[in-house]
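# Report on the structure
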Amino acid sequence: MSTQEQASAGAEGPATTIATAPKAEQKPVIDPATGETIAWVDELGAEAAARAAARGRAVQPAWEALGFEGRARVMRRAQKWVTEHSDELVATIVSETGKAWEDAQMAEVMYAAAAFGHWADHAEGLLADEKIKVSSPLLKGKKVITRHAPVGLVGVIAPWNYPFTNGFGDCIPALMAGNSVLLKPAEKTPLTSLLMARALKECGLPDGVMQVLTGRGSVLGEAILDVVDMIMFTGSTAVGRRIGARAGERLIPCSLELGGKDAFIVCADADLERAANHALFYGMFNTGQTCISVERVYVEAPVYDEFVAKVAKKAKALRNERPTGPGATEVGALTIESQVATVTEHVEDARRKGATIVAGGDPDPNRKGWWYPPTVLTDVDHSMECMTEETFGPTLPIMKVADTEEAIRLANDSPYGLMASVFTKDIAKGEQIARRIEAGSVHVNDALIGYTALEAPMGGWKDSGLGARHGAAGIRKYARAQTIVISKYHLKKEPQVYPYNGRSFRLLGRVARFFYGRGTRD
Ligand code: NAD
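Worth saying up front: this structure is predicted, and the values here are computed from it rather than measured.

Of regular secondary structure, the chain possesses 16 helices and 22 strands. Partitioning the intrachain contacts of the chain with sequence separation of at least 6 by distance along the chain shows that 71% fall at a separation of at least 24. Surface accessibility of the chain: about 22,800 Å² in total, with carbon and sulfur atoms responsible for 54%. The centroid of the 60 positive side-chain charges in the chain is displaced by 12 Å from the centroid of its 63 negative side-chain charges.

Reading across from one edge, 5-6-22 is the order of the 3 strands in this open sheet, with antiparallel pairing throughout. The sheet terminates laterally at strand 5 (130-131) and strand 22 (479-486), the two strands that pair on one side only. Sheet topology places strand 6 (residues 143-150) next to strand 22; 8 bridges connect them, and they run antiparallel. Its bridge partner lying in strand 22, arginine 147 is registered against glutamine 482.

Looking only at helix 13 (residues 404-411), the buried set comprises Thr404, Ala407, Ile408, Leu410 and Ala411. Take helix 13 and look down its axis: the buried residues cluster within an arc of 165°, on one side only. Buried residues along helix 13 sit against strand 12 (262-266), strand 13 (294-300), strand 16 (395-401) and helix 14 (427-436). Sitting at the head of helix 13, aspartate 403 places a side-chain oxygen 3.3 Å from the backbone nitrogen of glutamate 405.

As a further point, take the site of the ligand. In the vicinity of the ligand there are 29 residues, among which Ala158, Glu222, Ser236, Leu258 and Glu390 approach most closely. Within the contact set of the ligand, an oxygen atom lies 2.5 Å away from a side-chain nitrogen or oxygen of glutamate 390. Side-chain polar atom of arginine 469 to an oxygen atom of the ligand: 2.8 Å apart, as the coordinates give it. The protein chains hide 90% of the 850 Å² of surface that the ligand would expose on its own. The cavity that encloses the ligand is the largest pocket. At the level of secondary structure, the elements contributing two or more residues to the shell around the ligand comprise helix 7 (217-225), strand 10 (230-234) and helix 8 (237-250). Structurally, the shell around the ligand is a two-domain feature, drawing no fewer than three residues from each of domain 1 (45-258 + 472-479) and domain 2 (263-455).

On to the pattern of salt bridges, then. It is possible for side chains bearing opposite charge to pair when their charged atoms get close. Enumeration over the complete set of coordinates arrives at 29 salt bridges. Here glutamate 84 makes a salt bridge to lysine 80, at a shortest N to O gap of 2.6 Å. Of this pair, glutamate 84 and lysine 80 are both found in helix 2 (residues 67-84), 4 residues apart, which corresponds to roughly one turn of the helix. Lysine 310 serves as the salt-bridge partner of glutamate 273, at 2.9 Å between the closest nitrogen and oxygen. Placement of the pair is glutamate 273 in helix 9 (residues 272-284) and lysine 310 in helix 10 (residues 301-316), with a sequence separation of 37 residues. For glutamate 273, a relative accessible area of 35% puts it in the partly exposed group. Members of the salt-bridge network, linked through shared partners, are Glu69, Arg76 and Asp121.

Cut-offs applied
- Throughout this description, residue numbers start from 1 for each chain and increase along the sequence as written.
- Thresholds applied to this predicted model are a pLDDT of at least 70 for local features of residues and 80 or more for the giving and counting of side-chain atom pairs; totals over whole chains, interfaces and linings are not thresholded and use all residues.
- Calculated side-chain values reflect all of the structure's heavy atoms, with hydrogen atoms and water omitted.
- Numbering of helices and strands runs from the N terminus; a helix is a DSSP stretch of H or I covering at least four residues, while a strand is a stretch of E covering at least two.
- Residue contacts are counted whenever heavy atoms from the two residues lie within 4.5 Å of one another.
- Residue burial considers only the protein chains on display, and all accessible areas are found by Shrake-Rupley using a 1.4 Å probe.
- Charged-residue counts in this description rest on Lys and Arg as positive and Asp and Glu as negative, His and the chain ends being excluded.
- To locate a charge, take NZ of a lysine, CZ of an arginine, CG of an aspartate or CD of a glutamate.
- When DSSP locates at least two bridges between a pair of strands, those strands are taken to pair.
- Accessibility here uses a 1.4 Å probe with only protein chains present; expressed as a share of the type maximum, an area under 20% marks a residue as buried, one over 50% as exposed, and anything in between as partly exposed.
- The reported arc concerns the directions from the helix axis to the C-beta atoms and nothing else.
- By the criterion applied in these results, polar contacts are pairs of N or O atoms within 3.5 Å in which, for protein atoms, one can donate a hydrogen and the other can accept it, and in which residues neighboring in sequence qualify only through two side-chain atoms.
- Proximity is defined per residue: if any heavy atom of the residue lies within 4 Å of a molecule or strand, that residue is considered near it.
- The definitions used throughout rest on a 1 Å grid laid over the protein atoms alone, on which a cavity is an enclosed set of points accommodating a 1.4 Å probe that cannot get out and a pocket is an open set flanked by protein within 12 Å on both sides along at least five of seven lines; lining residues are those having an atom within 4 Å of a point.
- Here the criterion for a molecule occupying a pocket or cavity is that more than half of its atoms lie within 2 Å of the pocket grid points.
- What counts as a domain boundary in this text is fixed by an automatic or database domain assignment.
- When a carboxyl oxygen of Asp or Glu lies within 4 Å of a side-chain nitrogen of Lys or Arg, that pair is called a salt bridge.

Pasting the structure below:
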């Protein structure tokens, strides 16, 4: 293929070269399924971040002035673009992540189409001025309004596991709130964001409102943090802590979507066939590289053997082939090379400590690209890394527990608290268990799919994050609340103002007793 300038995310944005020969200051993008270089992208630094910030700030007022309907028109065109170009979008995502086509279709393209429409339809309702009913006697007769003004320039820093959903997806509510956005995709997966930036331009997004900058986290990521008014970060807990600390120093708001170690509880009265299908599917989906993957399973003793047998049989039937098109494989490649080492370490640590591998477990060392077969482990416990640390790979460790009390205790025995699942035919019991689990979302007889509820907040407890994406919180975080108090009809001199002559003191005391004197002592 001849060298070709394939993409530019704006006049001064990064370039992508689909070629074998890079320009200076470019880094390769590698297809994880083959290990081959498929593109080169610019490696930008602090100067580019500062230039992009100035540009974003310059165009933001006009974007805000378009109003919700004007901005929604661009998003609705983008929604249509996604549905009309879904194969191109899937192929781009698969080329840089190595995931199965079906994984990309369900969790990225469907998400993209839904998210553009959702925020176009709901941003105005969630951010419209609110007339506030107030109870303070000092405000009688006054009008109180809260408005949600855009923060200005939002920085979005994204991981590599879902190049659209966990990166570009977060830009949509930020844009609908009237902000300009700087997006830094992960180093390994920039192509989807560059494609979508071109798509939004085609759909009428004014130049400079959304800029994709490619480069390293430690250089470009830190530089973006220093020039934006709000930071939306998705990635590891370790980096998230640094981002939170820097945001604290700069006193800018941050929203952090971090790691997880999601527990899956199977009660003795569960529908075992459904539980086995769900544990396996949501454990292996996206090659296990989902922050809300099923990472560990606890099964009540009476049904443990039957559950394990079902999961092992189903796991052995999974194909782990190159994702060449729809239907080519169930489980794709790992997206980054270091994940092969992490998964291998967790499986070998468990094996050394007495775990049994009932499916998978032995990767082919000669295979090109980054691969690890779908692997099911039993005889596991909390002395093993596979049960306590985020694996982020195609592994499913299954632990036997005496009862649901032990399962709940072990599920909560983690620094993480992102998502969890409980399977039981007794719905009331399932809901009670859900309420005792320390996680931002919990499913009863399901897993992971709650992420598609764009109307409900999704965020982590404990070390899994701060804030939420989706729901009202998922867009209000991109705005600054401003309360406006309007006094139209009033006295020339209100009783509380100077001079203090003892009358105002007594009057305010009577007012307090009248309005608040009805509380009880017990
Ligand atoms: P990572 O933390 O290594 O990197 C995430 C992003 O941060 C990348 O773009 C990277 O370049 C950038 N970065 C790295 N160092 C930085 C720094 N010092 N300053 C600014 N930016 C910096 O995470 P990853 O390996 O890309 O992603 C995997 C992790 O993300 C997993 O832990 C996973 O659970 C988590 N994740 C969480 C969610 C969620 O919604 N909670 C979703 C997806 C992934």
